[in-house]
Amino acid sequence: MTRVYVPDVQVETLVVEVVGDEAHHLTRVLRVRAGDSVGVFDGRGREWRTQVGAITKSSVSLIVEREVSPVPEPAVRVTLAVGLLKGDQMDAVVRDATVMGVTAIRPVVTDHVAVPSKTWRDNRGQARWHRVAVAAAKQCGRAVVPTIAPVTPLVGLWPTADAPDAANLTLACVEPAAMQGGTARDWRTAARPSAALLLIGPEGGWSGEELAMFTERGAHTVSLGPRTLRAESAPAVALTLLWAAWGWT
Ligand code: SAM
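Residues numbered from 1 in each chain as written. Predicted model: local features only at pLDDT ≥ 70, side-chain atom pairs only at ≥ 80, totals over all residues. Heavy atoms only, no water.

Once that is clear, we can look at the domain arrangement of the chain. Taken as a whole, the chain is organised into domain 1 (2–68) and domain 2 (77–246). When each unit is reduced to the centre of its C-alpha atoms, the spacing between domain 1 and domain 2 is 33 Å. Taken together, the contact between domain 1 and domain 2 spans 12 residues of the former and nine residues of the latter. Regarding the contact of domain 1 and domain 2, the summed buried area is about 750 Å², with carbon and sulfur atoms giving 57% of it. It is R3, Y5 and F41 that lose the most area in domain 1 upon contact with domain 2, and together they represent 59% of the buried surface on that side. Applying the counting rule to domain 1 against domain 2 returns one salt bridge. The partner of K138 in a salt bridge is E22, with the nearest N and O atoms 2.9 Å apart. The tally of links from domain 1 across to domain 2 stands at nine residue pairs in polar contact (both at pLDDT 80 or more). Mapped onto the side of domain 1 that touches domain 2, the elements with two or more residues apiece are β1 (2–5) and α1 (20–29). (Domains from an automatic or database assignment. Contact = heavy atoms within 4.5 Å. Buried area = accessible area lost by both parts, 1.4 Å probe. Salt bridge = Lys/Arg side-chain N within 4 Å of Asp/Glu carboxyl O. Polar contact = N/O pair within 3.5 Å; in protein donor to acceptor, adjacent residues only side chain to side chain. Helix = DSSP H or I, 4+ residues; strand = E, 2+ residues; numbered from the N terminus.)

Relative to the assigned elements, V78 resides in strand β6 (residues 77–83). Given a relative accessible area of 0%, V78 falls into the buried group. Separated by 119 residues in sequence, V78 and L197 have C-alpha atoms that sit 5.8 Å apart. Aside from chain neighbours lying at most four places away, what touches V78 is V102, T103, A104, A196, L198, L239, L242, W243 and W246. (Buried < 20%, exposed > 50% of the residue type's maximum accessible area, 1.4 Å probe, protein only.)

This part takes up the packing of aromatic side chains. Tallied over the entire structure, the rule returns three aromatic pairs. Note on Y5 and F41: the rings are 5.6 Å apart at their centroids and 40° apart in plane angle, and the pair reads as tilted. You can see Y5 sitting in strand β1 and its partner F41 sitting in strand β3 (residues 37–41), a full 36 residues away along the chain. We classify Y5 as buried; its relative accessible area is 14%. (Phe/Tyr/Trp six-rings, centres within 6.5 Å; stacked < 30°, edge-to-face > 60°.)

A few words now on the sheet that holds β1. Reading across from one edge, β1-β3-β4-β5-β2 is the order of the five strands in this open sheet, with mixed pairing throughout. Only two strands of the sheet have a single neighbouring strand rather than two, namely β1 and β2 (15–19). Going from strand to strand, the sheet's axes swing by 40° on average, the running direction of each strand aside. Where β2 and strand β5 (residues 59–68) come together, five bridges link them in antiparallel fashion. Paired with E17 across the strands is S61, a residue of β5. (Pairing = 2+ DSSP bridges. Axes fitted to C-alpha atoms, helices over the stretch in contact; angles between N-to-C directions.)

On the surface, a cluster of nonpolar side chains totalling about 230 Å² of accessible area is made up of L14, V15 and I63. Relative to the helices and strands, I63 is located in strand β5. Looking at I63, the relative accessible area reads 38%, which means it is partly exposed. (Patch = residues over 30% accessible without salt bridge, like charges linked within 9 Å, V, L, I, M, F, W, Y side chains within 5 Å. Areas by Shrake-Rupley, 256 points an atom, 1.4 Å probe, with all protein chains shown as cover.)

Turning our attention to the layout of surface pockets. There is about 340 Å³ of room inside the largest pocket. Along the wall of the largest pocket there are 16 residues; nearest its centre are Y5, D21, E22, V134 and K138. Among the residues making up the lining of the largest pocket, the classes are represented as seven nonpolar, three polar and six charged. Estimated volume of the second largest pocket: approximately 270 Å³. (1 Å grid on protein atoms, 1.4 Å probe; cavity = no way out; pocket = protein on both sides within 12 Å on 5 of 7 lines; lining within 4 Å. Points joined across faces, edges and corners; volume = space filled by probe spheres on them. Nonpolar A, V, L, I, M, F, W, Y, C, P; charged D, E, K, R; others polar.)

The structure is reproduced here in structure tokens:
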């Protein structure tokens with residue numbers, strides 16, 4: 001099923017006019033024809049089945065047939081906070097995290113982030129990562145596109161000194177070298193919360209100060225095994241373990 005993202009969809013009119021990049025994608029890449037079935041989703045969890053009507057050079061009219069049940073979302077709203085990685089690695093993280101069902105992604109600057117500040121200061125990445133998330137949502141069937149927050153310092157995740165964000169469980173994935181002597185919480189013992197904040201460090205890992213901050217802010221340190229994973233792979237592995245413990249939906 002061809003799917004198109006229309007964030008400001010007005011289905012009451014029974015016709016959805018698709019313009020811009022999405023219209024271009026429908027006509028030039030997917031080569032839809034009048035009468036074809038197209039799914040429309042709003043990125044906030046609603047989806048409709050439509051049929052292609054008129055096609056012009058710059059727009060496609062989609063005639064709404066009915067609302068459909070979207071692919072179920074996980075019961076736990078997970079925010080992934082990830083230390084900034086280089087361009088294509090960050091894209092891979094956004095793609096995987098979207099397909100794996102996260103609700104929000106927060107790129108963070110940490111002590112060992114190696115990406116030069118000129119590449120993230122103006123937040124150019126935010127729009128690009130949103131596009132990556134939209135493409136991933138289309139591919140995996142999700143009707144929700146995770147929100148992508150502007151790049152913030154790690155400490156910005158905690159709005160007050162002792163409140164761990166909106167999440168009621170914060171899990172910091174700590175690489176084996178930094179875990180030395182510390183204790184990792186067993187994933188399976190974490191009772192299912194309604195929301196969770198999952199922290200993954202950058203290629204350079206966490207600093208001693210950051211590890212101390214996790215303890216101060218009530219974060220639980222967790223392990224992904226005795227081998228050090230690539231930073232871009234760690235989110236998908238962590239999310240697999242979370243859904244195995246809490247269920248996919
Ligand atoms: N530079 C670090 C080192 O040499 O030890 C490795 C950092 S690792 C590439 C990047 C991030 O992935 C880590 O900060 C952590 O969040 C996560 N990670 C990688 N392997 C992990 C593991 N086995 N357990 C928990 N987290 C892991």
